[in-house]
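Each chain is listed here by its residues.
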Amino acid sequence: MKQDNAKQTVLAVKSVNKPTPQSGNEAIVKGVVEKGDTVGKILEETAGKNVYPYISAARQVFPPLAFREGRSYVVVTDAATGLVKRFEYEIDMRRRLVVEGLENPVARVEAIEYVTLLSVVEAVINDNLFQAVADVGESPQLALQIAELFGAEINFIRDLQEGDSFAVLLEKRWREGEYRGYGRILAATFINQGKLFEAFLFRDGNNRAQYYNHKGENLRKTLLQAPLAFTRITSRFTMHRRHPILGVNRPHEGVDYAAPTGTPVKAVGDGTVVQKAWSGGYGNQIIIKHMAGLESMYGHLSGYARGLQTGLHVRQGQVIGFVGSTGLATGPHLDFRLRQGGRFINPVKAVNPRGEPVSAARKGEFEKTAAEELALLNGAKPLAGYTIESLVPERFEVHRKATSDEGSYKSERKTKRRHKTN
C-alpha cells in the first residue's frame, strides 16, 4: 500500500519539558556520552567547579554505572563563575536525570513528554516484513516492533508468505520540533497465510499494560516462537544428521538459525541465567532456566549482552547475546535448544501456554477499549479524538533504578559532539 494511505493527526499533548536557559549569564554545553565518559568527567571538562556535589547528588537517584554511550546530555554553568547550575542526561526515550542547584544540588529522574502523532500504517508483504515497512516510508524499528508484538503467535522466520498484510495503530513522538521515534503500538492486525491475528493494548487494573486478542487472551506466551526476529533455519531438530565438521551421523537436538555475526539473540522466555561460558563444541553458550524444569540454550555466540551474568533474571524478548561462529561451526549461526527435565525437546512442538487472560472483572472494560482501538485502526473513528490518557494511560515509575538489561543493545560508537553557546 502507498504511504499516503497512512493516517496521521497531531494530538494536543501538553509538554512539560523545561527549555534550556538561553540568557547571557549562562553557558550551555550540549553533547553525547562517549565510551569512557562519566558524570564527573563530563562536568570537569565543561565546568571544573562544584563538580563533586553534582556527582554525589546524581548517585542518589541513578547508578553511575548505568550511564551509556550515545545518550545526550546538557550542562548549564554560570558564565561568570563557572559553577554548574544544571545537568541533564537522557536515560532513555522516556526518562531523564536532572541535577540542579549551585550550593546544594538536588537530583531527580523525571518523565520526558512529547507532542504525539497518532498514525495508522498499513502494508502488504511482497518480499519480507522489513521491505514492506520501508515501502510505506517507515523505519526498520517498526518491523522489529511488529515482530516482537506477534512473536509468540507467528514465526517470522518460516511462516511469512507473499500477500500477507498488516495494519498498525501507533504513536509517533516529536520533541522540540524533531521526530524522536515511535511510541506505543495501541492495536494491530496481521493476516498470515489467511489467518487473522489481532493485538489490543489494555491495562488490567493496576497491572502493566499488555496485549490481548479480541477474546481477551494474552498474546504473550511462555516462549517466543524463535530467539531471532528475522533469519533462516539451516538445520532442524532430528535424531539423524551428518555433522558438517565431524562428518559423523549423530542427533541434532535443536534448531540452527543462520544470521550475520552480531545479530541480537533474545531470551525466548522469562528465566534465570544458569550458564554463561565456553561450552566445547557449542562455543560461547548461554543457558536460561525457566519454570517447570524447562531450559533454553543458545550456542556459538560471538559475545554476550552487556551486564549479563550467571544468576541474573532476564525477561522474555530481552537481548542476551549475539550470533557468532564460536565452537564447532562452519559459519555464523545460532544453535538453539530446549531441554525439559534434562531431555531435549523439539522447540517447534514444545507446549507453549499463554499468559494470564483479561480478568473476568474487567472483561467488559477490555471489550470497550478494544472496540475503540479497532475503530481508530479501521478509520471508523477519527484519530483526532484520541489522547494518550483516553484509552490506555501510559504509566511508569520514573524514580526506579536502571534495570540490568538497560543498554543491553550494543550501540555504535558515536562521534562526540559538544558545542557551546552563550
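1. Brief notes about the sheet that holds strand β16 (residues 264–266)
Phase 1 of the analysis: Across the sheet, three strands lie side by side as β16-β22-β20; this open sheet has antiparallel pairing. The open sheet has two free edges, formed respectively by β16 and β20 (303–304), since each of these has just one partner strand.
Phase 2 of the analysis: Examined bridge by bridge, β16 and strand β22 (residues 319–322) share three bridges and lie antiparallel to one another. Bridged to P264 within β22 is F322.

2. So, helix α2 (residues 51–59)
Phase 1 of the analysis: Those residues of α2 lying buried are V51, Y54, I55, A57 and A58. The buried residues of α2 occupy one face: seen down the axis, they fall within an arc of 165°. Of the exposed residues in α2, the ones pointing more than 90 degrees away from its buried face are Y52 and R59.
Phase 2 of the analysis: In this structure, the buried residues of α2 make contact with α1 (39–46), β4 (84–90), β5 (95–100) and β6 (106–111).

3. Some remarks on the packing of aromatic side chains
Phase 1 of the analysis: Applying the stated criterion to the full structure yields 12 aromatic pairs.
Phase 2 of the analysis: Between F62 and F67, the ring centres sit 5.3 Å apart and the planes meet at 85°, which makes this aromatic pair edge-to-face. Across the pair, F67 and F62 agree in class, each one buried.
Phase 3 of the analysis: Ring centres of F202 and F366 lie 5.5 Å apart, and the angle between their planes is 75°; this geometry places the pair in the edge-to-face category. Note that F202 is positioned in strand β10 (residues 195–202) and F366 in helix α5 (residues 363–378), a separation of 164 residues in sequence.
Phase 4 of the analysis: According to the relative accessible area criterion, F366 is buried, its value standing at 1%.
Phase 5 of the analysis: Here a set of aromatic residues connected by ring pairs shows up, and it is made of F150, F156, F166 and F190.

4. Describing the pairing of strand β23 (residues 333–340)
Both faces of the sheet carry side chains from a regular strand, because those side chains alternate between them.
Phase 1 of the analysis: A large share of β23 lies buried, amounting to seven of its eight residues.
Phase 2 of the analysis: As defined by bridge partners, strand β15 (residues 255–258) adjoins β23 across four bridges and the pair is classed as antiparallel. Its bridge partner being in β23, A258 is matched across the sheet by H333.
Phase 3 of the analysis: Alignment of strand β19 (residues 294–301) against β23, held across six bridges, turns out to be antiparallel. When the bridges of β23 are listed, Y298 appears paired with F336.
Phase 4 of the analysis: Bridge count for β23 against strand β24 (residues 343–345) is three bridges, and the pairing is antiparallel. Bridging across to β24, L338 finds its partner in I345.
Phase 5 of the analysis: Between β23 and β24, which pair antiparallel and follow one another directly, the connecting turn spans two residues, one of which, G341, has a positive phi of 60°.

5. A short note on unusual backbone geometry
Among all residues except glycine, the phi angle is most often negative; among peptide bonds, the trans geometry is most common.
Phase 1 of the analysis: Unlike most non-glycine residues, Q193 shows phi in positive territory, near 55°.
Phase 2 of the analysis: For Q193, the position within the fold is in the loop between β9 (178–192) and β10.
Phase 3 of the analysis: Despite not being glycine, H300 has its phi angle at roughly 70°, a positive value.
Phase 4 of the analysis: Within the secondary structure, H300 sits in strand β19.
Phase 5 of the analysis: The exposure class assigned to H300 is buried, which follows from its relative accessible area of 4%.

6. Considerations on the pattern of salt bridges
Phase 1 of the analysis: Inspection of every chain in the model, using the stated rule, returns 21 salt bridges.
Phase 2 of the analysis: Between R354 and E153 there is a salt bridge; the shortest N-O distance is 2.8 Å. Remark: E153 occurs in the loop between α4 (140–149) and β8 (165–175) and R354 occurs in the loop between β24 and α5; sequence separation between them is 201 residues.
Phase 3 of the analysis: In this structure R354 comes out as partly exposed when scored by relative accessible area, which is 31%.
Phase 4 of the analysis: The exposure class of E153 is buried, given its relative accessible area of 17%.
Phase 5 of the analysis: Residues R220 and D270 are paired through a salt bridge, measuring 2.7 Å at the closest nitrogen-oxygen approach.

7. Thoughts on the side chain of R175
Phase 1 of the analysis: Summarising the element assignment, R175 is placed in strand β8.
Phase 2 of the analysis: With a relative accessible area of 6%, R175 lands in the buried category.
Phase 3 of the analysis: Here the side chain of R175 touches E90 through a polar contact of 2.6 Å, side chain to side chain.

8. Observations regarding a nonpolar patch on the surface
Phase 1 of the analysis: Together, V115, W174 and Y179 give the surface a local cluster of nonpolar side chains, amounting to about 240 Å² of exposed area.
Phase 2 of the analysis: The topology assignment puts W174 in strand β8.
Phase 3 of the analysis: Exposure remark for W174: the relative accessible area of 32% places this residue in the partly exposed category.

9. Section: the pairing of strand β7 (residues 115–124)
Phase 1 of the analysis: In terms of burial, β7 is largely enclosed, as seven of its 10 residues are buried.
Phase 2 of the analysis: Pairing analysis gives 10 bridges linking β7 to β8, with the strands arranged antiparallel. Bridging across to β8, S119 finds its partner in L170.

Rules of the game
The numbering scheme is per chain: residues are counted from 1 as the chain's sequence reads. Local features are withheld for residues below a pLDDT of 70 in this predicted model, meaning they are given only at 70 or higher, and side-chain atom pairs are given and counted only at 80 or more; totals for whole chains, interfaces and linings count all residues. The side-chain figures draw on all heavy atoms in the structure; neither hydrogens nor water molecules are used. When DSSP finds at least two bridges between two strands, those strands are taken to pair. By the criteria applied, helices consist of DSSP H or I runs no shorter than four residues and strands consist of E runs no shorter than two, each listed in order from the N terminus. When a residue's accessible area, from a 1.4 Å probe over protein chains only, is under 20% of the maximum for its type it is buried; when over 50% it is exposed; and in between it is partly exposed. The directions considered for the arc run from the helix axis to the C-beta atoms. By definition in these notes, contact holds between two residues if any of their heavy atoms fall within 4.5 Å. Ring pairs shown here join Phe, Tyr and Trp side chains whose ring centres sit within 6.5 Å, with only the six-membered ring taken for Trp; geometry is labelled stacked below 30 degrees between planes, edge-to-face above 60, and tilted in between. The term salt bridge refers to a side-chain nitrogen of Lys or Arg lying within 4 Å of a carboxyl oxygen of Asp or Glu. We call two N or O atoms a polar contact when they sit within 3.5 Å, provided that within protein one can donate a hydrogen and the other can accept it, with sequence-adjacent residues counted only if both atoms are side-chain atoms. Patches here: salt-bridge-free residues with over 30% relative accessible area, like charges joined within 9 Å, nonpolar side chains (Val, Leu, Ile, Met, Phe, Trp, Tyr) joined within 5 Å. Throughout, the Shrake-Rupley method with a 1.4 Å probe supplies accessible areas, and for residues the shown protein chains are the sole cover considered.

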